[in-house]
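Survey of secondary and tertiary structure
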Amino acid sequence: MLLAALSAAWQPSIARAGEEDTQLWVFLSATGPLDDDTRLTIDTSQRWRSAARGDEQQTIRILVEQQVAERLALGGAVAVFEAGGLSEFRLDQQAVVTLGRFALRSRIEERFFDRADRMEVRLRQRVLYNQPLARDWRATLHGEWFGIVQSRRRDVPDSAEWRAQLSLFHRLGNNFEVGANYLFILVPNGDRPDRITHVPQATVTYRF
C-alpha cells in the first residue's frame, strides 16, 4: 500500500516536470545605418531544444527600420526558421515608441508553416527598460505577451504566452557587443500544468 501511495504521488510530479524544460539559444547579429533615418539588422541564431519542444532550430532574419518621428520607428522583416525538418517563413511589421529609457514595441507576424492549414497570425506586445551601468556596460529588462490570434491549424484554438528577459551587455571597442541573457517563458495551459521554459542565451552583435 505504501508503494502504491508513493507511486500515485510521484505520477503528478513526473507530469509537472514534463511541462518544464531548459533550452540554449545563441545569436549573431550585424546592425547599422543605411542612411540618416534607416537601419538594417541581420541576425541568425542556433537554438538547442528537445524533440518535444520542436527540435533544434536555426533562424535568419532581416529587419529594416525607419525613424519616422523623434520617438517613433516603423519596421518590417522577413525571416526563415528551420527545425526538425520543417520550415517556417515569416513576415512581420512593428512599431517602436521610445520614451526615455523605455521602449514600447508592438509587432504583428504572418507565419507560413510546411503542411499547415493556413497562415498563422501572432501579435506581440513588449515593454523594455534599458539601464546604462559602468562604462561600456548596460542591462535591459523586458516583458512580452505573445498572442496567436489565428492558429495554423483550424482545429487548434487561439493561445497566448508570456516572456520575461534579463540581459547584460558589454561593448568591446567601437564595433562589437557581447551579451548574456536569461529568458523565462510561461505558456498557460488551462486545467493542465502551465508550460515553463528556461532559456540562457549568448549574443554577439557587430555594429557597422
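Residues numbered from 1 in each chain as written. Predicted model: local features only at pLDDT ≥ 70, side-chain atom pairs only at ≥ 80, totals over all residues. Heavy atoms only, no water.

A separate point is the pattern of salt bridges. Under the counting rule described, the total for this entry stands at 17 salt bridges. The partner of Glu109 in a salt bridge is Arg90, with the nearest N and O atoms 3.4 Å apart. One end of the pair, Glu109, is in strand E7 (residues 102-113); the other, Arg90, is in strand E6 (residues 86-99), with 19 residues separating them in the sequence. Judged by relative accessible area, which is 0%, Glu109 ranks as buried. (Salt bridge = Lys/Arg side-chain N within 4 Å of Asp/Glu carboxyl O. Helix = DSSP H or I, 4+ residues; strand = E, 2+ residues; numbered from the N terminus. Buried < 20%, exposed > 50% of the residue type's maximum accessible area, 1.4 Å probe, protein only.)

This part is about the packing of aromatic side chains. What the rule picks out here adds up to 5 aromatic pairs. Plain terms: the ring middles of Phe176 and Tyr206 are 5.2 Å apart, the flat faces sit at 50° to each other, and that makes the pair tilted. Pair noted here: Phe176 is in strand E11 (residues 176-187) and Tyr206 is in strand E12 (residues 195-207), with a separation of 30 residues, a long-range link. Following the ring pairs from residue to residue traces out a cluster consisting of Phe176, Tyr206 and Phe208. Residue placement shows Arg152 over the ring face of Phe113; its charged tip is 3.6 Å from the ring centre. The ring of Phe146 is capped by Arg163, whose NZ or CZ atom sits 4.2 Å from the centre of that ring. (Phe/Tyr/Trp six-rings, centres within 6.5 Å; stacked < 30°, edge-to-face > 60°. Lys NZ or Arg CZ within 6 Å of the ring centre and 35° of its normal.)

Positive phi, normally seen in glycine, also occurs at Asp55, with a value near 75°. For Asp55, the location among the structural elements is in the loop between strand E3 (38-48) and strand E4 (57-67). Residue Asp55 is classed as partly exposed on the basis of its relative accessible area, which comes to 33%. For Arg115, which is not glycine, the phi torsion reads 60° and is therefore positive.

Trp25, Phe27, Leu183, Ile185, Val187 and Val199 form the largest nonpolar core, which has 6 residues in total. Elements with a contribution of two residues or more to this core: strand E2 (24-33) and E11. Sort the elements by how many residues they give to this core and E11 lands first, with 3 residues. Those residues within four positions of Val187 in sequence are excluded, and the remaining contacts are Ala160, Glu161, Asp194 and Arg195. (Core = buried A, V, L, I, M, F, W, Y, C linked by side-chain atoms within 4.5 Å. Contact = heavy atoms within 4.5 Å.)

On to the side chain of Glu177, then. Note that Glu177 resides in strand E11. Overall, the relative accessible area of 5% leaves Glu177 in the buried class. Within the structure, the side chain of Glu177 is placed 3.1 Å from the side chain of Arg138, a separation counted as a polar contact. Glu177 has contacts with Arg138, Phe169, His170, Arg171, Leu172, Thr203, Val204, Thr205 and Arg207, leaving out every residue within four places of it along the chain. (Polar contact = N/O pair within 3.5 Å; in protein donor to acceptor, adjacent residues only side chain to side chain.)

Functional significance is not addressed by these values, which are geometric in nature.
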